Structures are given as C-alpha cells and as structure tokens.
Amino acid sequence: EPEVTQTPSHQVTQMGQEVILRCVPISNHLYFYWYRQILGQKVEFLVSFYNNEISEKSEIFDDQFSVERPDGSNFTLKIRSTKLEDSAMYFCASSGGASGRVNIQYFGAGTRLSVL
Amino acid sequence: KQEVTQIPAALSVPEGENLVLNCSFTDSAIYNLQWFRQDPGKGLTSLLLIQSSQREQTSGRLNASLDKSSGRSTLYIAASQPGDSATYLCAVILSGTASKLTFGTGTRLQVTL
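If you're wondering where the values come from, they're calculated on a predicted model, not measured in any experiment.

Caption draft 1: Main features of unusual backbone geometry. The peptide bond linking Thr 7 of chain A to Pro 8 of chain A adopts the cis configuration, its omega dihedral lying at -10°. You can see Pro 8 of chain A is positioned in the loop between strand E1 (5-7) and strand E2 (10-13). In this structure, the amide linkage connecting Ile 7 of chain B to the following residue, Pro 8 of chain B, adopts the cis form with an omega of -5°. Here Pro 8 of chain B is to be found in the loop between strand E1 (4-7) and strand E2 (10-14). Residues other than glycine seldom take positive phi values, yet Asn 52 of chain A does so here, at roughly 65°. You can see Asn 52 of chain A is positioned in the loop between strand E5 (43-50) and strand E6 (53-57). Owing to a relative accessible area of 59%, Asn 52 of chain A belongs among the exposed residues under this scheme. Even without being glycine, Ala 79 of chain B reaches a positive phi, approximately 45°. When you line up the elements, Ala 79 of chain B lands in the loop between strand E8 (72-77) and strand E9 (86-94).

Caption draft 2: Molecular detail of the interface of chain A and chain B. Each partner contributes to the interface: chain A provides 19 residues, whereas chain B provides 27 residues. Each partner contributes to the roughly 1,900 Å² buried at the junction of chain A and chain B, and carbon and sulfur atoms together form 54% of this total. At the boundary of chain A with chain B, the tally comes to 1 salt bridge. Between Lys 42 of chain A and Glu 3 of chain B there is a salt bridge, and its shortest N-O distance comes to 4.0 Å. Sorting the residues of the side of chain A that touches chain B by element identifies strand E4 (31-37), E5, E6 and strand E9 (88-95) of chain A as the ones contributing at least two each.

Caption draft 3: Representation of the pattern of salt bridges. Summed over all chains, the structure comprises 4 salt bridges over all chains. Between Glu 44 of chain A and Arg 36 of chain A there is a salt bridge, and its shortest N-O distance comes to 3.2 Å. Between Asp 39 of chain B and Arg 37 of chain B there is a salt bridge; the shortest N-O distance is 3.0 Å.

What counts and what doesn't
Residues numbered from 1 in each chain as written. Chains lettered and ligands numbered in written order. Predicted model: local features only at pLDDT ≥ 70, side-chain atom pairs only at ≥ 80, totals over all residues. Heavy atoms only, no water. Helix = DSSP H or I, 4+ residues; strand = E, 2+ residues; numbered from the N terminus. Buried < 20%, exposed > 50% of the residue type's maximum accessible area, 1.4 Å probe, protein only. Contact = heavy atoms within 4.5 Å. Buried area = accessible area lost by both parts, 1.4 Å probe. Salt bridge = Lys/Arg side-chain N within 4 Å of Asp/Glu carboxyl O.

Rendered as structure tokens:
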C-alpha cells in the first residue's frame, strides 16, 4: 500500500542551526502538508502546498520556515535558524485528487526534531 | 477560530466492551471530519472520513457519526480488543479554507485483557 515516508526519523540539532526535514508523498497525490506536534500537545497545521506554491499557512509558519518541492517526488520543510521551541514531531501528509480537499490526508511516521 | 474538543481525555475498558469516543467542534461550517489513530511515538493512521453531507461512515468494527448542526461527532468501536489501544484524534476541515486539518485534543484509549 502506498505510504508517505519521512526522513530522518530523529534529528538532533543545535539552536541556531538550519535543518531540512524530508518527505516523499504518495506518488499520485497533488496536495502536500506539514503539521507539527509538540510533546503532549495537539497536532498543529503549519502549511499546505499545491501546484508548486503555498496554498495556506498558519501563524506558526513564519519567515524561519520554508517549503519546497525540489523534484517530482520530494517535499521538504526547512527551518532556517532553529529555536528550542521548534522541538516537536513534524508530520508530512499528502492527499490526492483533482480537488484534494475532499480526500483523506495520509500522514507519514514523522520526524522528531530535538533542538539543544 | 475553530476549536475541537474530545471527551474523555482518557478511557480504560475491558476487552470486548463497546465504546464511544466524542468529538465536538465550535464552528459547524465544516467541509469534512476525519478520525485518526495515533500509536505512541508514531504517525497518524486515518480511520474514517465523513463528508459534511454525510451522517455516518463505517469500517469494520468502527462507526463514525456526524451531527454538523450540533457540532458533534462520535466514534463507536465495537467489541474492543487490546490492539485498539491508542490515542484517537478527530480533525475537521472548515468550509472556505484550503485544506488544513484542525485537530482535537485526543482520547487515549486502553483496552485491558
């Protein structure tokens, strides 16, 4: 069964460093998302991406964050200068169809980011 | 701003019992509602999706209902098994938004032998 894959599973970084989290969405999907979950808290939306541009972003997704689809298969989240409060589990998701809103969002297993 | 709440926060039941998990949302103008399962330290597994025009969806031992006007959804699990132990999350997409999911607080379920 097709699945969303994320690498690495765990990333440890020093405060102020740049990190890139990688995702390979399901191959025929058109809509891509990043969410995060701080330990013990709700899953929060960060950004959605369609047709090579951001379609929606949350207040969390400030200038320190960026997303890119560098080729036909990868979808990345970059945090330019990490802060302690960026420590969280980051989930990538994708959904398919001509109108992605009606479709189920499939999630990857997540990347645990630890900022020291 | 859409708020999604799930009650109870935690639930422990003996194996074989039927149970109901509750989800409520403050803005009834939703496009759809999705139920997920999350195992400790793992990703989210989609269980059921209900469109705003639907009243319920079924998959195996799971049945999800939606009452949009009252801002409520329930997830019914029949004949619970220890393997059902996980955190269950509901999430909604608001009409008029792109496709962001707004998640609830989750219900942590433990099914005991």
